[in-house]
Amino acid sequence: MTIGSAAGKIILFGEHAVVYGRPALAVPLTDLRARVRVETTGQNGIIIHAKDIGESFLLATAPSDNGLAAITRATLRELAVSPSDGLELWIESDIPLASGLGSGAAVSTAIVRALSEHFHNPLSPEQVSALVFETEKLYHGTPSGIDNTVIALERPIRFEHGAGPRPIQIARPFRLIIAYTGIASPTRVTVGDVRQGWERDPKRYEELFDQVARVVEQSQVALERGANKELGPLMNRNQELLEKLGVSSVAIESLRRLAKQAGAGGSKLSGGGRGGNVIVYPGEGNEDEIEDALIAAGAARVITTSIKSA
Ligand code: PMV
């Protein structure tokens, strides 16, 4: 029996603009994990059990757009194995599904890690990331690659197309409150809407992306220098730009407003937007009061975590 696991993730700054070649910053959520156990059964066929979505199926009969089947097939191909004595893959995850915390990429990464361990064939983080990226396309259409990269490396990164991921050092760890709006908003849809806007008015969108890029640069400097008190205002600024890109929503703004009234230092949506998560930098505010305010404002779930380097 072998086990593979992978962390969730959250985007701190730069979502959407990252699809257009600008940088973004993302961090792993190491306390929230997906785990996969691989067992040899001695019987023919590979069975995948996905507890969280209540599914068990035979790999051979799964359609090609099934993400769990796709990553399993791609990994077996990469490892150049075709197991004849049968396998079972047991998947479980603490990462809430479809809410911008990287659950899909983390489950895929855990599958790759568990299988490569099972067949004694270690893969580099780059190989893991490349395999998972192919499956992310099934979920997201045109993903930037940020999710699979931060999850495969499992450390805070600056991600930028063409430049490769760069680890970033978080000089002073900080607390982050992640509030789920309760609204599942497919990233594929918001990414598509931003694309339509960009096609209609490329000049305006390119300018907005450039402004996001400047916020990302400033945020990276703040994180690396430990100038944490700048993070709240930088989140607010990034949020203003996301709103102009058309990916905020009433639910997001009401969580942000109540968090601010409870003393939070700043906040923004994280990921695709419209629904999904709001991240709140508590700053000088009292964490418990901010959490209570977020729940009173209708947050479906609130997670508080520490963000630190590796
Ligand atoms: O919804 P998430 O957390 O998977 O993030 C999407 C981030 C986008 O920049 C909107 C899209 C992407 O592929 O980078």
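See the structure shown above.
Our subject in this report is the structure included herewith. Throughout this document, residue positions are counted from 1 along each chain, in the order its sequence is written. Note on the predicted model: pLDDT of at least 70 is required for a residue's local features to be given, and 80 or more for side-chain atom pairs to be given and counted; whole-chain, interface and lining totals, by contrast, use all residues. Heavy atoms throughout the structure, all of them, feed into the side-chain values; hydrogens and water do not.

## A word on the pairing of strand S1 (residues 2–13)
Here's step 1: Counting buried positions along S1 gives 10 out of 12 residues, so the element sits mostly inside the fold.
Here's step 2: Pairing between S1 and strand S2 (residues 24–40): 11 bridges, direction antiparallel. Residue pairing in the sheet places Ala6 in a bridge with Ala34 of S2. Type-normalised accessible area, obtained with a 1.4 Å probe on protein chains alone, sets the label of each residue: buried when under 20%, exposed when over 50%, and partly exposed for intermediate values. Each helix is a run of H or I in the DSSP string that is no shorter than four residues. Each strand is a run of E no shorter than two, and both are numbered from the N terminus. Here, a strand pair is defined by DSSP locating no fewer than two bridges between the strands.

## Some thoughts on the packing of aromatic side chains
Any pair of aromatic rings gets described here by the distance separating the centres and the angle formed by the planes.
Here's step 1: The aromatic pairing rule takes the rings of Phe, Tyr and Trp, using the six-membered ring of Trp, and pairs them if the centres are within 6.5 Å, calling planes under 30 degrees apart stacked, those over 60 edge-to-face and the rest tilted. Counted under the stated rule, the structure contains four aromatic pairs.
Here's step 2: Measuring from ring centre to ring centre gives 4.4 Å for Tyr20 and Phe209, while their planes differ by 20°; the resulting arrangement is stacked. Of this pair, Tyr20 sits in the loop between S1 and S2 while Phe209 sits in helix H6 (residues 202–225), placing them 189 residues apart in sequence.
Here's step 3: Look at Phe209 and you get buried, because its relative accessible area is 0%.
Here's step 4: Both rings, one in Phe174 and one in Tyr281, keep their centres 5.9 Å apart while their planes meet at 65°; by these two values the pair is edge-to-face. Taken together, the residues span a long stretch of sequence, with Phe174 in strand S8 (residues 174–180) and Tyr281 in strand S10 (residues 277–281) at a distance of 107 residues.

## Thoughts on helix H4 (residues 146–153)
Here's step 1: Within H4, seven of the eight residues are buried, which leaves it mostly tucked inside the rest of the structure.
Here's step 2: Within H4, the full set of buried residues consists of Ile146, Asp147, Asn148, Thr149, Val150, Ile151 and Ala152.
Here's step 3: Note on contacts: a residue pair qualifies if any of its non-hydrogen atoms lie within 4.5 Å across the two residues. Where H4 is buried, its residues contact S1, S2, helix H2 (103–118), helix H3 (125–140) and strand S6 (157–159).
Here's step 4: Just downstream of H4, Glu154 is the residue with a positive phi angle, here 50°.

## Examining helix H1 (residues 67–79)
Here's step 1: A helix is expected to span 1.5 Å for every residue after the first. Compared with the 18 Å implied by 1.5 Å per residue over 13 residues, the 18 Å span of H1 between its first and last C-alpha is a close match.
Here's step 2: Among the 13 residues in H1, 10 count as buried, and that is most of the element.
Here's step 3: Taken as a whole, H1 has its buried residues at Gly67, Leu68, Ala69, Ala70, Ile71, Thr72, Ala74, Thr75, Leu76 and Leu79.
Here's step 4: Looking at the buried residues of H1, the elements they touch are strand S3 (46–50), strand S4 (55–58), strand S5 (87–93), H2 and H3.
Here's step 5: Between the side-chain oxygen of the N-cap and the backbone nitrogen of Leu68 there are 2.9 Å, and the N-cap of H1 in question is Asn66.
Here's step 6: The positive-phi residue at the C-terminal boundary of H1 is Ala80, with phi of around 55°. Polar contacts, as counted here, are pairs of nitrogen or oxygen atoms within 3.5 Å of one another; within protein the pair requires one atom able to donate a hydrogen and one able to accept it, and residues that are adjacent in sequence qualify only if both atoms are side-chain atoms.

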